[in-house]
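Secondary and tertiary structure notes
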Amino acid sequence: MKRRSRRKRHNFVVPIIVLIFCCIFTAMVAYGWSARKKNVKVADASKDTTETTVEVNNSETSSEGEISAVSESETSQSAEETTAAPESNPGPDEKVVYFTFDDGPWTGTPRLLDILDQYNIKACFFVTAQYMDTEPLINMLKQIKDRGHNVAVHSLTHNYKKIYASVDAFMADYDAMDDLIFKATGEHSKMLRFPGGSNASYNKAIRPQLLQAVRDRGIVYFDWNSFDGDVEGKKGQELIDQTIKQVNENTHSILLMHDMPSTAFVHDALPTIIERLKADGYKFELLNENTPPRQFAK
Ligand SMILES: [Zn+2]
């Protein structure tokens, strides 16, 4: 019995040892295989990386070409946008009015700014240095800009004889006003309204050279296609009626008004003008250098 049971036990021990060896062997083989596989994977991966690097290099090379092509097309696109149809421009059937105020600023300008603020309307101010000393003028120009309006050159002196004496005289006057604008806003103006308009009789002798000189400087000049009649003696109801009538003659209306001591009555008429134009379906947009300009003389 004793021997039998020992043999019996022995019979158990051998298969167990074999089984353990099998397990260890299997585990080792499995580990070795997976380790080899890992190595292969790593090798593959490094191969991939090399290929990828090559691809990246290739694509970098090609994308460089593309980048220059893209930037070229972007350049031509933005050039197109500048001359053709910038985003901010309204559609052809959209009723839009651009408020423009010439000849200011003066001490009464803040009242005009308050009225515009009340209706959330932004305007373009074609400014002069006629009515304020340098320091308060710079502060006022800054205030106009800070309240969201555009500040552009009209003329430093607004003296027709002086500014239209020669192209150089005009540009010197322009630069002097633009310097003040730069001091106030940190930006140079690229917009101009000629005193008397681009076809003013005063500039007849030098007109072609003058317009060319302005264009060569990259300055856009704006005339107008509607006018409130303020400097022609229109006041009150008569001024309101002329404004509404003239704006309504254009889908896109560049409205000329003045902001100076002798036309302070424009401020009184403005709320009614705004309400009526709103009722007529007009939107109020800010004239900027990309707005298609109205130009009497080209
Ligand atoms: Zn003027």
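What counts, and at which threshold
Residues numbered from 1 in each chain as written. Predicted model: local features only at pLDDT ≥ 70, side-chain atom pairs only at ≥ 80, totals over all residues. Heavy atoms only, no water. Donors = N, O, S within 2.8 Å, 3.2 Å for Na, K, Ca; no water. Buried < 20%, exposed > 50% of the residue type's maximum accessible area, 1.4 Å probe, protein only. Phe/Tyr/Trp six-rings, centres within 6.5 Å; stacked < 30°, edge-to-face > 60°. Helix = DSSP H or I, 4+ residues; strand = E, 2+ residues; numbered from the N terminus. Polar contact = N/O pair within 3.5 Å; in protein donor to acceptor, adjacent residues only side chain to side chain. Contact = heavy atoms within 4.5 Å.

- As recorded in an unreviewed UniProt entry, the protein chain goes by the name Polysaccharide deacetylase, listed as coming from Lachnoanaerobaculum orale.

Regarding the coordination of the zinc ion
- Taken together, the protein donors to the zinc ion comprise D103 (OD), H154 (NE2) and H158 (NE2), at separations of 2.1 Å.
- Between the donor residues of the zinc ion, the gaps in sequence give the motif D-x50-H-x3-H. In terms of burial, H154 and H158 fall into one category: buried.

Remarks on the packing of aromatic side chains
- Scanning the model with the defined rule gives 9 aromatic pairs in all.
- Pairing Y160 with Y202 gives two aromatic rings, centres 3.9 Å apart and planes at 5 degrees, and the pair type is stacked. On the criterion of sequence distance, the pair formed by Y160 in helix α4 (residues 160-163) and Y202 in the loop between β4 (191-192) and α6 (207-216) is long-range, its members being 42 residues apart.
- Overall, Y160 belongs to the partly exposed group, its relative accessible area being 24%.

Overview of the side chain of T100
- If you trace the backbone, T100 turns up in strand β1 (residues 96-102).
- Polar side-chain contacts of T100 include one of 2.7 Å to the side chain of R193.
- Not counting residues within four places of it along the chain, the set of residues in contact with T100 comprises C124, F126, R193, I254, L255, L256, M257 and L287.

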